[in-house]
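A closer look at the structure
Each chain is listed here by its residues.
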Amino acid sequence: MFWANVIGMKTVTLLGAEANRWIFAGENDYLVNRWSYGIRKLLGKRCLSLLDGEEHRERRRILAPHFRRIGMDPLVPLLVETTQEHLRSWANAGDIVVLPRMKALAFEIAARYIFGDIRSLDLKTLSADFDDFVAGLFAPIPLPLPGTTFGRATAARKRLFREIARVVAERTRQPDDGADVLSTLLEVRDEQGRPLPEDTIVDELVLLLFAGHDTTVTAMTNVMLHLARHPEALTRAQAEQDALRDAPMTVASYRRMRYLERVLNESMRVVPPIAGAFRVTTRDVAYAGYRIPKGWTVLVSMAGAAHDAEVWGEVESFDPDRFDEDSAPPRPPFSFIPFGGGPRACLGQHFAMLEMLVVISRILRDYSFSLVPNQDLSYVYLPFPRPRSGVRLHLEPRRVPSRAPEPAIAGGQ
């Protein structure tokens, strides 16, 4: 536990599982959410992340059915189809840079899930504006001056919101009975029977694009790097996929990918997609014998808990078997929180895990890959932790074994 002035805010950093438990227990009581000025300026005023209290709970209730693990089977064909379409273009590229490829794939998945029919959308232009918009969310100096990161983000925001508002208006005039998120938001009525305002729907859709895109891109890019760096993990993950080739494409079959799920979790432990989040105290509070005054910022550290040597041992080593529930020692609650926790836990965490399982499993089944030498794999941490090179891989179509040994996955290894 320590404190420092961060951009003029007195900020207390609390590290560890018990600290995380205390923070999440205090949501909407002695702690409330805090976003930076840049995020508050660029995100829509009525989006879920900027709401508090009962309004926040009600909006989560409306959106929750789209993100529950149960009922996600209809999403699997969408995920598989979109992934295979993109992977076909990877196969002809030879050496690839993973980060931009994952960006394009994840953005299309998010767009198809949120909007349903995307034929009227220019995804390439929308994605470019989205990248400039996201960069501005974390700009150190949030002044909308021409040529600055925040200035470009402000301009991109106008174009992005205008295009999504056009889609919302069209769907309002010609509604359909689709299962996409936009259809749900258009059907919502308040106690007086009034629909959500169109600007509120636009705000929410932009937030969902942001929340469901960059963190997933970060996680999948880092998974590919970790697998390429650890051939033994790559071999085991591919053996598991070979043994599951004949399984039907359902959520249940992806839940059988126990080793791949461990790989995903260990990758997110080594490099959490989001390092931390901020809260602010609503009154004087005490933690671990220390007083934290009203109005101070509190940082919840995903990375701090994930790198606690007392819980994880050799924290820098990559060991997916840490997450083997049959053999690994139990760990305290809130020691692994890649999706946050408490009332503000990531609404889309089950969708994100399913998306990552689908994408990485298809790559493992169809391709062999290795790191291209002489690239800069040091990390840049803002806005999200990613290798500077974007991870350059040499990719080749994989010769599939005629029959994989079933015991490779039978007991979860």
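Residues numbered from 1 in each chain as written. Predicted model: local features only at pLDDT ≥ 70, side-chain atom pairs only at ≥ 80, totals over all residues. Heavy atoms only, no water.

1. A word on the nonpolar core
Met102, Phe115, Phe133, Leu205, Leu227, Ile360 and Phe369 are the most contacted members of the largest nonpolar core, which has 110 residues in total. No other element matches helix H5 (residues 98-115), which puts twelve residues into this core. Residue contacts for Phe133: discarding those within four places in its chain leaves Leu42, Leu43, Ala153, Ala156, Arg157, Leu160, Phe161 and Val206. Of all hydrophobic cores here, the second largest spans 17 residues; its members include Phe24, Ile292, Val298 and Ile337. (Core = buried A, V, L, I, M, F, W, Y, C linked by side-chain atoms within 4.5 Å. Buried < 20%, exposed > 50% of the residue type's maximum accessible area, 1.4 Å probe, protein only. Helix = DSSP H or I, 4+ residues; strand = E, 2+ residues; numbered from the N terminus. Contact = heavy atoms within 4.5 Å.)

2. Concerning the sheet that holds strand S4 (residues 95-97)
Strand order in the open sheet formed by three strands is S4-S12-S9, with antiparallel pairing between adjacent strands. With partners counted over all chains shown, the strands left at the sheet margins are S4 and strand S9 (367-371), one partner each. Averaged over all adjacent pairs, the angle separating strand axes in this sheet is 35°, with direction ignored. Sheet topology note: the S9/strand S12 (residues 392-397) ladder contains five bridges and is antiparallel. By the bridge assignment for S12, Ser368 is matched with Glu396. Contacting S9 and S12, helix H10 (residues 214-229) crosses the sheet at an angle of about 80° to S9. (Pairing = 2+ DSSP bridges. Axes fitted to C-alpha atoms, helices over the stretch in contact; angles between N-to-C directions.)

3. Regarding helix H7 (residues 149-173)
End to end, H7 covers 36 Å across 25 residues, agreeing with the expected 36 Å (1.5 Å per residue, within 8%). Among all positions of H7, only Phe150, Gly151, Ala153, Ala156, Leu160, Phe161, Ile164, Val167, Val168, Ala169 and Arg171 are buried. At its buried positions, H7 is contacted by helix H2 (37-42), H5, helix H6 (123-137), helix H8 (181-187) and helix H9 (198-211). (Expected span 1.5 Å × (residues − 1).)

4. Brief notes about the confidence of the model for the protein
The predicted coordinates ought not to be read in detail in places where the model reports low pLDDT. Mean pLDDT over the protein: 88, with 97% of residues reaching 70 or higher. Confidence, read as mean pLDDT per element, is least for helix H17 (residues 407-410) in the protein (44) and greatest for helix H13 (residues 258-270) (97). Note on residues 406-413: pLDDT is under 50 here. Beyond four places in sequence and across chains, it has 15 contacts. (pLDDT = per-residue confidence, 0-100.)

5. Some thoughts on the sheet that holds strand S1 (residues 2-6)
With mixed pairing, the five strands of this open sheet are ordered in space as S1-S2-S8-S5-S3. The sheet is open, and its two borders are formed by S1 and strand S3 (31-33), each paired with just one other strand. This sheet shows a mean twist of 35° between the axes of neighbouring strands, independent of strand direction. Sitting on the sheet, helix H1 (residues 17-25) touches strand S2 (9-14), S3, strand S5 (276-281) and strand S8 (297-301), and the angle it makes with S8 is about 125°.

6. A few points about the pairing of S2
Looking at chain direction, S1 and S2 are connected through five bridges and run antiparallel. Residue pairing for S2: Trp3 is matched across the bridge by Val12. Counted between consecutive antiparallel strands, the loop separating S1 from S2 contains two residues, among which Ile7 sits at a positive phi close to 50°.

7. Focus on the layout of surface pockets
Empty space within the second largest pocket amounts to approximately 940 Å³. Lining of the second largest pocket is provided by 35 residues; of these, Arg255, Glu261, Asn265, Glu325 and Arg331 occupy positions nearest its centre. At the level of secondary structure, the elements contributing two or more residues to the lining of the second largest pocket comprise helix H12 (251-255), H13 and helix H16 (349-366). Grouping the amino acids of the lining of the second largest pocket by side-chain chemistry returns 19 nonpolar, six polar and ten charged. (1 Å grid on protein atoms, 1.4 Å probe; cavity = no way out; pocket = protein on both sides within 12 Å on 5 of 7 lines; lining within 4 Å. Points joined across faces, edges and corners; volume = space filled by probe spheres on them. Nonpolar A, V, L, I, M, F, W, Y, C, P; charged D, E, K, R; others polar.)

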